[in-house]
Amino acid sequence: MSASASSRPGSRAWLLAETPHSRTQARLGQAYVRWLHFLRNPLAMIGLAIVVALIVIAALAPYLTSHSPFAQDLGNRLQAPSAEHILGTDELGRDVYARLLHGARITLLIVGLVAIIVGPIGLLVGTVAGYLGGWFDTVLMRITDVFLAFPRLILALAFVAALGPGIQNAIIAIAITAWPPYARIARAETLTIRNSDFISAIRLQGAGPLRIILGHVVPLCLSSLIIRITLDMAGIILTAAGLGFLGLGAQPPMPEWGAMISSGRKFLIDHWWVATIPGVAICIVSLGFNLLGDGLRDVLDPKGK
Amino acid sequence: MATRLVLTVLVTFLGLLLVTFFIGRVVPTDPVLAAVGDRAPAAVYERVRMELGLHLPLWQQFWIYVQKVVQGDFGTAVLTGKPVLSDIRRVFPATLELATVATLLGLIIGVPMGVFAAVHQNKWIDHVIRVLALFGHSVPVFWLGLVGLLILYAWLGVVAGPGRLDVGYFDVVDTVTGVILVDSVLAGEWEVFGNAFSHIILPAAILGYFSLAYIARMTRSFMLEQLRQEYITTARVKGMAESRVIWRHAFGNILVPLITVIALTYANLLEGSVLTETVFAWPGLGSYLTDALLAADMNAVLGATIIVGTIFIGINLLSDVLYRLVDPRAK
């Protein structure tokens, strides 16, 4: 958005105007300044590049390789990396490179769905608890305490055990265990905003709690929530991979990276690439989200400096 | 204050049981069918339903459940045919051993690293700690375990492979504590000790790596805060040796918050141990939990979950109490 605007002559001056003439101009200008700040952070740019690459690979996976991630070729099992199979083949003769590329889709699906489920729930619970206060707040915060008192992976494991293995249930289990920190953050933000003058002004104008929370409190909590979710993405990827590794997440023949490590484990000593390569992919993607999250924190959170 | 603390812990514990109760009773399809199988006649089905107390209202079922758990009755594990509690008692020492060695490794390396980084702020050591932490947040622990096994065991042969002991050393020493490193010392069997050590060092180092990064970072920030204080300047002005200023005066004052950090990392290791134990075939709580999960043995899964959750709550409480005891300002 702002990058394309900067290519036109004059638009840069418009964006950086000292006295913006409209609300849109002010907002775009602020976004542009933040983008410039972000550009100066090389680590954050690497993170952004990795995440963008993940999205592009996930979208174009079938076009980046001529091999199918599911086609078995038992005559060519456990082949070392070669010109035909650049990352070798697995125990069923499937091309590891093709599976890795298609695995990006699953990783993105898990991360995206968890974020979509968890973000709004945490935001709503936190803002409502923080704004209304009283017993409602106490009860909701007790509930988050209980969830936070658990090791996250173990709680997710227990939920998957009850729901049954599978990628959908893994996503549900991760989401159930992931929302409390967001509720905590949203609540803390709300408490600092709740008693400010502009909220009192809106209330005196006759706005109800729903309007105040959705229209005025939620937008102010968004940036810290986005930072936290981005930083948590790596944790979500690692948990999902752990579930896949234990055989409780994505089921065969899905090319999920954790499950690929698990199936390659039996051939680790003689055919090390089958198990180790998907792990490298997990590391790179998690690192990307961590770097991006750190960069976003620098840009979006003025208190963090 | 004390009553408030106890109340908080009780409510959290009840919440924990509520969650496991919910998972065990409400989520799965039908606990009766799981117990009798789908070919059982209607009379048997009804009898088992009564025995399990499933005809009672939910809150009453929950109350019975709480009473059982408090008495240490988690039911029988289908996998082993023994009570879940006795199973857990059998496997727990292995996890304790692993987590303790890992924490010790994290402490021995992490604390001096953090102190050094605080004294030499913004030098290379700071970057090392940052990279270690970043990598620790990005790497799957089970993958690191596999790579460690591949390189150090299969290729270089400098450590022993999966398991707690080589087969030849099984049952050489009597089980006293269940912690092989301690038992072998008690029995004076140094060969067994050496073998056990060679088995534990790699999984412990991998688990310890994750606590090391955190401990080093926290030590660094605690030390930075202390080194800014005026009493440090006073000590230096008096002509005190710099090493004494750092280790005696500043370090002495960060011990209290450091205890909290160590307790928390120790609790977190329980979580990391689930995946690590699976990779290293380490017969502890984590392996028990995964075996139970794969067999859908709900009594064992929920029993292990409650135990881990309780340890978590207990460690948090302990560090809270310790903090209040040691630091007079916290009262």
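Worth saying up front: this structure is predicted, and the values here are computed from it rather than measured. (Residues numbered from 1 in each chain as written. Chains lettered and ligands numbered in written order. Predicted model: local features only at pLDDT ≥ 70, side-chain atom pairs only at ≥ 80, totals over all residues. Heavy atoms only, no water.)

### A closer look at the overall build of chain A
Here comes step 1: Each helix and strand in chain A was counted, giving 12 helices and zero strands.
Here comes step 2: Starting at the N terminus, the α and β elements of chain A follow one another as α-α-α-α-α-α-α-α-α-α-α-α.
Here comes step 3: Along the longest, intermediate and shortest principal axes, the C-alpha atoms of chain A span 75 × 55 × 30 Å.
Here comes step 4: Sequence separation of at least 24 residues holds for 70% of the intrachain contacts in chain A that already meet a minimum separation of 6.
Here comes step 5: Of the roughly 14,100 Å² of accessible surface on chain A, 65% is carried by carbon and sulfur atoms. (Helix = DSSP H or I, 4+ residues; strand = E, 2+ residues; numbered from the N terminus. Contact = heavy atoms within 4.5 Å. Areas by Shrake-Rupley, 256 points an atom, 1.4 Å probe, with all protein chains shown as cover.)

### Details of the overall build of chain B
Here comes step 1: For chain B, the helix and strand inventory stands at 13 helices and zero strands.
Here comes step 2: Reading the secondary structure of chain B in the N-to-C direction produces α-α-α-α-α-α-α-α-α-α-α-α-α.
Here comes step 3: With respect to the three principal axes, the spread of C-alpha positions in chain B is 90 × 55 × 40 Å.
Here comes step 4: Across the 331 residues of chain B, 47% fall into the buried class.
Here comes step 5: Considering only residue pairs separated by 6 or more positions, chain B has 69% of its internal contacts joining residues 24 or more positions apart. (Buried < 20%, exposed > 50% of the residue type's maximum accessible area, 1.4 Å probe, protein only.)

### Structural notes on the interface of chain B and chain A
Here comes step 1: At the interface, 39 residues of chain B touch 39 residues of chain A.
Here comes step 2: For the pair chain B and chain A, the summed buried surface comes to about 3,600 Å²; carbon and sulfur atoms form 83% of the total.
Here comes step 3: Between chain B and chain A we count zero salt bridges in total.
Here comes step 4: Applying the counting rule to chain B against chain A returns five residue pairs in polar contact (both at pLDDT 80 or more).
Here comes step 5: The set of elements that each furnish at least two residues to the side of chain B that touches chain A consists of helix H1 (2–26), helix H6 (124–138), helix H7 (141–155), helix H11 (242–280), helix H12 (285–294) and helix H13 (298–326) of chain B.
Here comes step 6: Looking at which element gives the most residues to the side of chain B that touches chain A, the answer is H1 of chain B, with eight residues.
Here comes step 7: Grouping the amino acids of the side of chain B that touches chain A by side-chain chemistry returns 29 nonpolar, nine polar and one charged. (Buried area = accessible area lost by both parts, 1.4 Å probe. Salt bridge = Lys/Arg side-chain N within 4 Å of Asp/Glu carboxyl O. Polar contact = N/O pair within 3.5 Å; in protein donor to acceptor, adjacent residues only side chain to side chain. Nonpolar A, V, L, I, M, F, W, Y, C, P; charged D, E, K, R; others polar.)

### What to know about the packing of H12 of chain B against H13 of chain B
Residue and element names in this part refer to chain B.
Here comes step 1: Where H12 meets H13, the closest approach of the two axes is 8 Å, and the angle between their N-to-C directions is 150 degrees. When the axes of H12 and H13 are compared, the crossing they make is left-handed. Here Leu285, Tyr288, Leu289, Ala292 and Leu293 of H12 come into contact with H13, specifically with Ala300, Val301, Ala304, Thr305 and Val308.
Here comes step 2: A per-class count over the contact of H12 with H13 returns nine nonpolar, one polar and no charged. (Axes fitted to C-alpha atoms, helices over the stretch in contact; angles between N-to-C directions. Left-handed = near helix turned anticlockwise from the far one by under 90°.)

### Looking at the domain arrangement of chain B
Residues and elements named next belong to chain B.
Here comes step 1: Along its sequence, chain B is carved into domain 1 (2–70) and domain 2 (84–330).
Here comes step 2: On a C-alpha basis, the centres of domain 1 and domain 2 stand 35 Å from each other.
Here comes step 3: At the junction of the two partners, domain 1 supplies 11 residues and domain 2 supplies 11 residues.
Here comes step 4: Taken over both partners, the interface formed by domain 1 and domain 2 buries close to 860 Å², and the fraction arising from carbon and sulfur atoms is 91%. (Domains from an automatic or database assignment.)

### Description of unusual backbone geometry
Here comes step 1: Along the chain, Pro252 of chain A connects to Pro253 of chain A via a cis peptide bond; the corresponding omega equals 5 degrees.
Here comes step 2: Residue position: Pro253 of chain A is located in the loop between helix H10 (209–245) and helix H11 (257–264).
Here comes step 3: With a phi close to 65 degrees, Asn122 of chain B is a non-glycine residue in the positive phi region.
Here comes step 4: Among the secondary structure elements, Asn122 of chain B is positioned in the loop between helix H5 (84–119) and H6.

### Let's talk about the packing of aromatic side chains
Here comes step 1: Enumeration according to the criterion identifies 14 aromatic pairs over all chains in this entry.
Here comes step 2: Note on Trp272 of chain A and Trp273 of chain A: the rings are 6.0 Å apart at their centroids and 80 degrees apart in plane angle, and the pair reads as edge-to-face. (Phe/Tyr/Trp six-rings, centres within 6.5 Å; stacked < 30°, edge-to-face > 60°.)

### Focus on the side chain of Arg94 of chain A
All names here are of chain A.
Here comes step 1: Following the sequence through the fold, Arg94 ends up in the loop between helix H4 (42–64) and helix H5 (96–132).
Here comes step 2: For Arg94, a relative accessible area of 5% corresponds to the buried category.
Here comes step 3: Among residues more than four places away in sequence, those in contact with Arg94 are Pro69, Phe70, Ala71, Gln72, Gly88, Thr89, Arg99 and Pro253.

### Considering H5 of chain B
Here comes step 1: The terminal C-alpha atoms of H5 of chain B, which comprises 36 residues, lie 50 Å apart, in line with the 52 Å expected from a rise of 1.5 Å per residue.
Here comes step 2: Residue Val91 of chain B marks the point of greatest curvature in H5 of chain B, where the axis turns by about 35 degrees; the proline Pro93 of chain B follows within four residues. (Expected span 1.5 Å × (residues − 1). Bend = angle between axes of the 7 residues up to and from the residue.)

### Remarks on the pattern of salt bridges
When the charged atoms of two side chains lie near each other, side chains of opposite charge can form a pair.
Here comes step 1: Tallied over the full model, the rule gives 12 salt bridges over all chains.
Here comes step 2: For Arg236 of chain B, the salt bridge is made with Glu242 of chain B, and the minimal N-O distance between the two is 2.8 Å.
Here comes step 3: Judged by its relative accessible area of 36%, Glu242 of chain B falls in the partly exposed class.
Here comes step 4: Three or more residues are tied together by salt bridges with common partners; here these are Asp90, Arg94 and Arg99 of chain A.

### Here we look at the nonpolar core
Here comes step 1: In terms of nonpolar packing, the biggest core is built from 134 residues, with Leu157 and Trp257 of chain A touching the most fellow members.
Here comes step 2: By residue number, the principal contributor to this core is H10 of chain A, which donates 16 residues.
Here comes step 3: Counting residues domain by domain, this core receives three or more from each of domain 1 (2–70) and domain 2 (84–330) of chain B.
Here comes step 4: Excluding anything up to four places from it in sequence, Leu157 of chain A contacts Leu243, Leu246 and Leu248 of chain A together with Val274, Leu289 and Leu293 of chain B. (Core = buried A, V, L, I, M, F, W, Y, C linked by side-chain atoms within 4.5 Å.)

### Considerations on the confidence of the model for chain A
Residues and elements named next belong to chain A.
Here comes step 1: Taken residue by residue, chain A gives an average pLDDT of 86. The fraction at 70 or more is 95%.
Here comes step 2: For chain A, per-element mean pLDDT is lowest for helix H1 (residues 2–7), which scores 47, and highest for H5, which scores 92.
Here comes step 3: Residue range residues 1–7 is modelled with pLDDT below 50. Its contacts to residues more than four positions away, or to other chains, number nine contacts. (pLDDT = per-residue confidence, 0-100.)

### Remarks on the environment of Phe210 of chain B
Here comes step 1: Here Phe210 of chain B is to be found in helix H9 (residues 190–227).
Here comes step 2: Apart from residues lying up to four places away in sequence, Phe210 of chain B is in contact with Gly136, Val139, Val141 and Leu144 of chain B.

### Details of a nonpolar patch on the surface
Residues and elements named next belong to chain A.
Here comes step 1: Judged by side-chain polarity, Val52, Val56, Leu60, Tyr63 and Leu64 come together as a nonpolar surface patch covering roughly 480 Å² of accessible area.
Here comes step 2: For Val52, the position within the fold is in helix H4.
Here comes step 3: Residue classification places Val52 among the partly exposed residues on the basis of a relative accessible area of 42%. (Patch = residues over 30% accessible without salt bridge, like charges linked within 9 Å, V, L, I, M, F, W, Y side chains within 5 Å.)

### Looking at the packing of helix H7 (residues 152–163) of chain A against H11 of chain B
Here comes step 1: Two elements in contact, H7 of chain A and H11 of chain B, have axes separated by 8 Å at closest approach and are oriented at 55 degrees. By the angle between their directions, the pair H7 of chain A and H11 of chain B is classed as oblique. Judged by residue contacts, Arg152, Leu153, Ile154 and Leu157 of chain A of H7 of chain A engage Leu270, Glu271, Val274 and Leu275 of chain B from H11 of chain B.
Here comes step 2: Taken together, the residues that form the contact of H7 of chain A with H11 of chain B break down as six nonpolar, no polar and two charged. (Parallel < 35°, antiparallel > 145°, perpendicular 65-115°, else oblique.)

### Some words on helix H8 (residues 180–187) of chain B
Residue and element names in this part refer to chain B.
Here comes step 1: For H8, every residue scored as buried is listed here: Ile180, Leu181, Asp183 and Ser184. For H8, the buried positions fall inside an angular range of 165 degrees around the axis, keeping them on one side.
Here comes step 2: Buried residues in H8 make contact with H5 and H9. (Arc of directions from axis to C-beta.)

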